[in-house]
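Listed below, chain by chain, are the residues.
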Amino acid sequence: MNEPLIQFHNIDFAYSPDRTVLRGCNFCLRQGERVALLGPNGCGKTTLLHLIVGLLRPTNGRVEVFGKVRRGETDFHEVRRRVGLLFQDADDQLFCPTVAEDVAFGPLNLGKPRDEVRLIVAETLKSLGLNGFEHRVTNHLSGGEKRLVSLAAVLAMRPDVLLLDEPDMGLDDAVIERLLKLILGLPQALIVISHNRSFWTELTTSALEMREGNLFVQVP
Ligand SMILES: Nc1ncnc2c1ncn2[C@@H]1O[C@H](COP(=O)(O)OP(=O)(O)O)[C@@H](O)[C@H]1O
Ligand SMILES: [Mg+2]
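Residues numbered from 1 in each chain as written. Chains lettered and ligands numbered in written order. Predicted model: local features only at pLDDT ≥ 70, side-chain atom pairs only at ≥ 80, totals over all residues. Heavy atoms only, no water.

Enquirer: Where do I start with the packing of helix H4 (residues 99-109) against helix H5 (residues 114-127) in this structure?
Expert: Relative placement of two packed helices is described by the angle separating their axes and the distance separating the axes. Here H4 crosses H5 at 125°, and the two axes come no closer than 9 Å. Viewed along their axes, H4 and H5 adopt a mutual orientation that is oblique. Along this stretch, H4 crosses H5, giving a crossing that reads as right-handed. Here Val-99, Ala-100, Val-103, Ala-104, Pro-107 and Leu-108 of H4 come into contact with H5, specifically with Arg-114, Val-117, Ile-120, Val-121 and Leu-125. Among the residues making up the contact of H4 with H5, the classes are represented as 10 nonpolar, no polar and 1 charged. (Axes fitted to C-alpha atoms, helices over the stretch in contact; angles between N-to-C directions. Helix = DSSP H or I, 4+ residues; strand = E, 2+ residues; numbered from the N terminus. Parallel < 35°, antiparallel > 145°, perpendicular 65-115°, else oblique. Left-handed = near helix turned anticlockwise from the far one by under 90°. Contact = heavy atoms within 4.5 Å. Nonpolar A, V, L, I, M, F, W, Y, C, P; charged D, E, K, R; others polar.)

Enquirer: Could you clarify how one ought to interpret the side chain of His-50 in this entry?
Expert: On the secondary structure map, His-50 appears in helix H1 (residues 45-52). Not counting residues within four places of it along the chain, the set of residues in contact with His-50 comprises Leu-55, Leu-56, Leu-85 and Phe-87.

Enquirer: Quick question: what am I supposed to make of the environment of Asn-60 here?
Expert: Mapping Asn-60 onto the fold places it in strand E4 (residues 60-65). On the basis of relative accessible area, Asn-60 is assigned to the partly exposed category, the value being 43%. Put simply, Asn-60 and Cys-25 are 35 residues apart on the chain and 10.0 Å apart in space, counted from C-alpha to C-alpha. Here Asn-60 is in contact with Asn-10, Ile-11 and Asp-12, once residues within four sequence places are set aside. (Buried < 20%, exposed > 50% of the residue type's maximum accessible area, 1.4 Å probe, protein only.)

Enquirer: Whenever I open this one, the state of the cysteines confuses me. Can you help?
Expert: One way to say it: the disulfide is the covalent bond shared by the sulfur atoms of two cysteines. For the structure shown, the criterion picks out 0 disulfides. For Cys-25, which is in no disulfide, the shortest distance to another cysteine sulfur is to Cys-43 and amounts to 10 Å. Residue Cys-25 is classed as buried on the basis of its relative accessible area, which comes to 0%. (Disulfide = S-S within 2.5 Å.)

Structure, rendered in structure tokens:
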């Protein structure tokens, strides 16, 4: 069987004592898998993705990524370099004045030379059908455009795993179709949260539903 990339071992998580979200949650994403994460609003899907990259820490249990247990802040530096998280809200992802700066931010942070980053930005924008967007003001983009630029910022890091938090939210059918084709062409293992059944069934190899803080296989 393919190697595990991300594993949750009996994870509990609560924002506060009266707001428990995960209870004894177990989960495994392996190389080559594309998993849909389903469940009603507020059930803890985004929380689960944030626990993977260490934006939140479990109350109990172990998070294992790329074969190592991750606990402290420094454990998660490698995870954030290699796991690309597309935030549910594009405004959490984009914080630079222009599109090119937002897409270049991650690769520059990795210490890549400016010339190489310029190429990465151009290539990534082109692959998403965003040619000529380099100098657009991020704040003036439409919701759909912001989402695609967010995805460009994630892909520019050339991550090994993708976590996509409702990538199709607020997009028109044509853009969803383009996004679908594009994601299907990507080699990475991924977890995708979506409420759009036709979107996630076409994209994923299996689906898990979150219920009362744990995950259950969903038979489509
Ligand atoms: N920062 C926070 N502080 C307190 N409660 C939160 C916070 N973020 C999310 N929650 C609550 O935790 C639960 C799970 O949220 P979330 O993971 O965002 O759900 P989903 O992504 O499935 O819609 C919800 O009840 C939400 O209101
Ligand atoms: Mg969410």
